[in-house]
Amino acid sequence: MSKQTKYVLDEEQIPKFWYNIQADLPVPLPPVLHPGTMQPVGPDDLSPLFPMSLIQQEVSTEREIEIPEPVRDVFRLWRPAPLYRAHGLEKALDTPAKIFYKYEGVSPAGSHKPNSAIPQAFYNKEAGVKRLTTETGAGQWGTSLAFAGSLYGLDVEIFQVRVSYDQKPYRRAVMETYGARCIASPSNETEYGRKVLAENPNHTGSLGIAISEAVEIAAQRDDTKYALGSVLNHVLLHQTIIGQEAMLQMEMADAYPDVVLSCTGGGSNFAGIAFPFMGQALRGGPKPRIVAVEPTACPSLTRGKYAYDFGDTGHMTPITKMHTLGSTFTPPGFHAGGLRYHGMAPLVSHVKELGLMEAVAYGQRECFEAGVLFARHEGIVPAPESNHAIKGAIEEALRCKREGKAETILFCLSGHGHFDMAAYTRYFEGDLQNEVYAEEAMAEAMAHLPEVPENV
Ligand SMILES: Cc1ncc(COP(=O)(O)O)c(C=O)c1O
């Protein structure tokens, strides 16, 4: 039996196109609504925040969208990312399953996030933009945009969720090394931040609040635009290079997945690995099970409602149909900051509603346990977000063992955890709770869903 562990592609095999699942959807996405008029938005409504090339990608139904050559040249710094066969983990679990993982932690930021930060900075630079604002939860997206901004000579301002700002001072130092400015959110720099702080000066922040602050600043100046690290169609599109590369690498391994898994915060690395496989299935190819893994503390796909809602807490963004826990929901300060978002990408929510995927939720303690097992047998210390994908893959491998099935499991290891060691220390001290989102808090946040006219 082959013991090949690493499947490596040549730089020339970096995909030349992003894959757009909107071309293959059996039912189109519901429209995005304007928060003022409650009518579908047009490109002009979005132009204060995004350059037109990204807005066009947002609404495109073309199957393949070309990756600009200069963007592919930057990708050469770390792409193609390796695919590993998890021989060590398989042995530790004593499973007949074959486990593969696509490792995105080899990027300069340590995760999949530069896959979208680089093209977003590229298109903004092309459009003459001087400054980008954004939010960051885990610090991974902020680091990625800071890195991209440094390459393209753009000023970058990052609203970092307060709990992450406090837990991860070295993430901030990396963002500053790339020349970005980092602000703890909620902050005194925006009207919305001041309002939140007036109500609760010790607010731990949330991605929804940080998005409102970044959008508020971007909307004020013509030379400034906003960049989002997940959720939007164009961000998910940019991440599809993960799955496209993984398909070639699985071919090298003479294997095809029975199950594809990833963790979901806003849905971008999940879509990145899953959509190319889902698209192939929609076009009549093999149909692997596709599974999203989320935290029990922020369970938008497994316990949220599929409804129109705001993307931010201050209600400045357009309204999209998605799985949501309510835009006013502040998740507990658990240690996977990148998964603390109240909603889910409209595209991921839509394919979940169409029955094209499944979702499961796990507590953070069991996810850290899975991550530590992984580190001890595969060597990589995973990001707390990625631990959710590992937990999901381990559960599938143990099911295969119980059922005596030699299935092939593929998951996305979205990032490394080198800046998350405080969280690991707390886990080893027995200090981490399995946070669960309480029914009452959920009902309270759901009471604030916007009313949308029946005809949309
Ligand atoms: C390492 C890592 N994985 C996953 C996520 C979740 O984001 P998404 O669902 O967009 O992939 C984040 C977000 O910050 C992250 O940093």
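Residues numbered from 1 in each chain as written. Predicted model: local features only at pLDDT ≥ 70, side-chain atom pairs only at ≥ 80, totals over all residues.

- As named in an unreviewed UniProt entry, the chain is Tryptophan synthase beta chain, taken from Brachymonas denitrificans DSM 15123.
- Per UniProt, the chain has the following entry under Pathway (unreviewed entry): "Amino-acid biosynthesis; L-tryptophan biosynthesis; L-tryptophan from chorismate: step 5/5."
- In its Subunit (unreviewed entry) section, the UniProt record describing the chain reads: "Tetramer of two alpha and two beta chains." (UniProt positions renumbered as here; feature names shortened; annotations may be inferred.)

**Concerning the sheet that holds strand E4 (residues 83-85)**
Part 1: In spatial order, the strands read E1-E4-E5-E15-E10-E11-E14; together these 7 strands make up an open sheet with mixed pairing. Each end of this open sheet is capped by a strand with a single partner; those strands are strand E1 (6-7) and strand E14 (358-362).
Part 2: Running at roughly 160° to strand E10 (residues 259-263), helix H13 (residues 268-282) makes contact with strand E5 (98-103), E10, strand E11 (289-295) and strand E15 (408-413) of the sheet. (Pairing = 2+ DSSP bridges. Helix = DSSP H or I, 4+ residues; strand = E, 2+ residues; numbered from the N terminus. Contact = placed C-beta atoms within 7 Å. Axes fitted to C-alpha atoms, helices over the stretch in contact; angles between N-to-C directions.)

**As for the environment of Leu339**
Part 1: Position of Leu339 among the secondary structure elements: in the loop between strand E13 (319-324) and helix H15 (346-353).
Part 2: Considered as a pair, Leu339 and Tyr101 are 238 residues apart in the sequence and their alpha carbons are 20 Å apart.
Part 3: If we ignore the near neighbours within four places in the chain, the residues touching Leu339 are Cys263, Gly265, Glu294, Pro295, Cys298, Glu385 and His388.

**Considering the site of the ligand**
Part 1: In the vicinity of the ligand lie 21 residues, with Gln140, Ser230, Gly265, Gly338 and Gly415 positioned nearest.
Part 2: Elements supplying a minimum of two residues to the shell around the ligand: helix H6 (140-152), H13 and helix H17 (384-403).
Part 3: For the shell around the ligand, the element with the most residues is H13, which contributes 3 residues.
Part 4: Here the residues of the shell around the ligand are counted per class, giving 6 nonpolar, 14 polar and 1 charged. (Near = placed C-beta within 6 Å. Nonpolar A, V, L, I, M, F, W, Y, C, P; charged D, E, K, R; others polar.)

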